[in-house]
Amino acid sequence: MNKFNRILLKLSGESLMGEQGYGIDVNRLHDYAVQIKEAHDTGVQIAIVIGGGNIFRGLSGVGKGFDRVKGDQMGMCATVINSLALSSALGALGVKAHVLTAIRMEPIGEFYNKWRAIQYLNQGDVVICACGTGSPYFTTDTGSSLRGIEIEADVMLKGTRVDGIYTADPEKDPSARKFDDISYDEIYRRGLKVMDLTATAMCKENGLPIYVFNMDKYGNLARVLRGEPIGTYVHR
Ligand code: UDP
């Protein structure tokens, strides 16, 4: 039995590069695809937003002389590359996945609209929403909260490489303590860098809970769907 009927899964582009430092690690991609297939086999409806940080981030280009808007457009193109890679990996496992883009670019992907996305989900296909929000100055975290709210997901599952939200960065501070659950307001109060503030604010205002967990540990997506308390639950 799944805890949720419809999920928005956010995957970071950075995780997709594995140990490589850049681009797409095919083993990591395969691992993600298998986890998604296993979740899909349980009957849960899955929409995915994937980042582009393994290829390009607009903000990091600014210091190198890139125009911010063009840099962000490059970042959005990076999310398309990752979305196509994931749809291809899912297709190879027999899972039908549609790439819907926030910026028109047929035939690479279909132009996103809420009802098309829900139609695909209801027919049992996976939907991958590319280009984040389609606008510069946003991130794919905000893209995920937006899509999660639009498609009326029960939860946004934020797959990261740490197993939840901590009082401080556990990779730098060994005394950092993990939260099993936390409110949106507590995240603000403590200045925790879980997601960007725009994304957290959207989730708060529209009542979309977030579950942060370690997606890089094989089997964790299924554990979250079964309701095992392995990450951090963010709620009102
Ligand atoms: N981006 C954007 N608008 C959006 C989503 C993404 O301009 O709505 C750009 C932005 O430059 C961002 C890049 O795409 O840095 C990649 O997305 P993100 O940094 O969120 O990827 P992640 O950190 O999840 O790998």
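Note: the structure precedes this text.
What counts, and where the lines are drawn
- For every chain, the first residue of its written sequence is number 1, and the numbers climb from 1 along that sequence.
- Given that this is a predicted model, residues contribute local features only at a pLDDT of at least 70 and side-chain atom pairs are listed and counted only at 80 or more, while totals for whole chains, interfaces and linings are drawn from all residues.
- For the side-chain quantities, the full set of heavy atoms in the structure was used; hydrogens and water were omitted.
- Segments assigned H or I by DSSP are reported as helices when at least four residues long, segments assigned E as strands when at least two residues long, and all are numbered from the N terminus.
- In this treatment the radius of gyration is a C-alpha quantity, and the globule benchmark scales as 2.2 Å times the residue count to the 0.38 power.
- Think of it in three bands: with a 1.4 Å probe and only protein chains considered, a residue is buried below 20% of the maximum accessible area for its type, exposed above 50%, and partly exposed in between.
- Here, two residues are considered to be in contact whenever any of their heavy atoms come within 4.5 Å of each other.
- Pairing between strands requires that DSSP locate at least two bridges from one strand to the other.
- In this description, a line fitted to the C-alpha atoms serves as the axis of each element, helices being fitted only across the stretch in contact, and the angle between N-to-C directions of two axes falls anywhere from 0 to 180 degrees.

A. Molecular detail of the overall build of the protein. Helix and strand content of the protein: 9 helices and 9 strands. Relative to the compact-globule value of 18 Å for 236 residues, the protein shows a C-alpha radius of gyration of 17 Å, a close match. Projecting the C-alpha coordinates of the protein onto the three principal axes gives extents of approximately 50 × 50 × 35 Å. In the protein, which comprises 236 residues, the share counted as buried stands at 52%. A separation of at least 24 residues holds for 72% of the contacts in the protein among residues at least 6 apart in sequence.

B. How the structure looks around unusual backbone geometry. With an omega dihedral of 10°, the bond running from E106 to P107 counts as a cis peptide bond. Here P107 shows up in the loop between β3 (97–101) and β4 (110–111). Phi at C131 takes a positive value of approximately 75°, unusual for a residue other than glycine. Tracing the chain through its elements places C131 in the loop between β5 (126–130) and α6 (140–150). C131 gets classed as buried once you look at its relative accessible area, which sits at 1%. Positive phi, close to 60°, is recorded for E152, a residue that is not glycine.

C. Structural detail: the sheet that holds β5. On the basis of which strands lie adjacent, the open sheet formed by 9 strands has the order β4-β3-β5-β2-β1-β6-β8-β9-β7 and mixed pairing. Because the sheet does not close on itself, it has two edges, and the strands there are β4 and β7 (181–183). Two elements, β3 and β4, share 2 bridges in a ladder whose sense is parallel. Looking at β4, one finds that L100 is bridged to E110. Of the strands in this sheet, β1 (6–11), β2 (45–50) and β5 touch helix α2 (residues 26–41), which is tilted by about 155° from β2.

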